[in-house]
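The lines below spell out each chain.
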Amino acid sequence: MTVLVTGSRGRVASTLLDLLHSAGVEARAGSRNPEDLSPPPGVATVRCDLADPASFDAALEGVDSVFLYAEAAHTGAFADRARAAGVGHVALLSSSSVLAPDAAGNPIAASHLAAERALSAAAEAGAFEATLLRPGAFATNALQWTWALKEGHGPALPYPHACGDPIHELDVAEAAFAVLTEPRLRGSSYVLTGPESLDFTEQLAILAEVTGRPAPHTRVTPEEWKESVAPHVPEPFADALLAYWSSQDGRPAPLTDAIETLTGHRARPFRAWAEDHAQDFAADAVRA
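Reading guide: rules and limits
Residues numbered from 1 in each chain as written. Predicted model: local features only at pLDDT ≥ 70, side-chain atom pairs only at ≥ 80, totals over all residues. Heavy atoms only, no water. Salt bridge = Lys/Arg side-chain N within 4 Å of Asp/Glu carboxyl O. Helix = DSSP H or I, 4+ residues; strand = E, 2+ residues; numbered from the N terminus. Buried < 20%, exposed > 50% of the residue type's maximum accessible area, 1.4 Å probe, protein only. Pairing = 2+ DSSP bridges. Right-handed = clockwise from strand over helix to strand, strands pointing away. Axes fitted to C-alpha atoms, helices over the stretch in contact; angles between N-to-C directions. Contact = heavy atoms within 4.5 Å.

Caption draft 1: Focus on the pattern of salt bridges. Applying the stated criterion across every chain, the model contains eleven salt bridges. For Asp-57, the salt bridge identified is with Arg-81, shortest N-O distance 2.8 Å. Of the two residues, Asp-57 is situated in helix α2 (residues 56-60) and Arg-81 in helix α3 (residues 75-85); the sequence distance between them amounts to 24 residues. Judged by its relative accessible area of 33%, Arg-81 is partly exposed. Its salt-bridge partner being Arg-134, residue Glu-116 comes within 2.7 Å of it at the nearest N-O pair. Placement of the pair is Glu-116 in helix α4 (residues 110-124) and Arg-134 in strand β6 (residues 129-135), with a sequence separation of 18 residues. Residues participating in the shared-partner salt-bridge network are Arg-32, Arg-47, Asp-49 and Asp-52.

See the structure below:
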């Protein structure tokens, strides 16, 4: 079996490549810029730009299964080329946001939903099997706080008690590995969450315990937060985030046991993620 892993510079995809390689599964690392990749020894690289359908055929040649990032613009074209190449299974990294009632009109969820629909349509037409992985909040979202914490004031939060289900990227990669290598797990959708519902202040408290350094926060109004992020967060996305945080303010996040179902172990708690990434919060860590 040969597995094409798209978006191989991403945290989940690069971890998945390591898992496949260690298990002796032939993997192919795809990326818009394959020359920038550093895959495990012996893993081939290929140009696979999900925004450029002209790159699909070469990347898919001889491939049996695909780990696909959700790039809505050309998912239909990718599905067509995957069918033509004889691909038997595509696992899509989507998002649990597609389950929201307003998903189609939500700028965060809409692209994932469109990718899911295009892939599912191809699967229903008999092109291949499709598996949908729908993680909730990635624990890596906490990395956006690193520099505010190093500066001593911590992040500015409009809804400090908004709850999430932070999931370790390793758990997502292991779930992807499971559906790619176990045929009995294919063809379904899985909502992936961490094992606990935590609000932002609880995540910060865990970071403080793990790093041994204060992890404060400042509370700001939604308007103040939106203005502060305006240079790098488009207004529709900022509005969608604020609406989501408001809806989760003081409300525990729903959890699933999908990670345990797929991998055989419980999802890793946020503390384990913080311990794995403690160096990222160190005072001498280099800005990415």
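Text resumes after the structure shown.
Caption draft 2: The pairing of β6, seen in detail. Where burial is concerned, most of β6 is hidden: six out of the seven residues are buried. Where strand β5 (residues 89-93) and β6 come together, five bridges link them in parallel fashion. Residue pairing in the sheet places Val-90 in a bridge with Ala-130 of β6. For the crossover from β5 across α4 to β6, the handedness is right-handed. Inspection of the sheet shows β6 paired to strand β9 (residues 189-192) by four bridges, in the parallel sense. When the bridges of β9 are listed, Pro-135 appears paired with Leu-192.

Caption draft 3: Representation of the sheet that holds β9. Across the sheet, seven strands lie side by side as β3-β2-β1-β4-β5-β6-β9; this open sheet has parallel pairing. At either margin of the open sheet sits one strand with a lone partner, and together these are β3 (44-47) and β9. For this sheet, the mean inter-axis angle between neighbouring strands, taken without regard to orientation, is 20°. Here α4 sits on the sheet and contacts β4 (65-69), β5 and β6; the angle it forms with β6, its principal contact strand, is near 160°.

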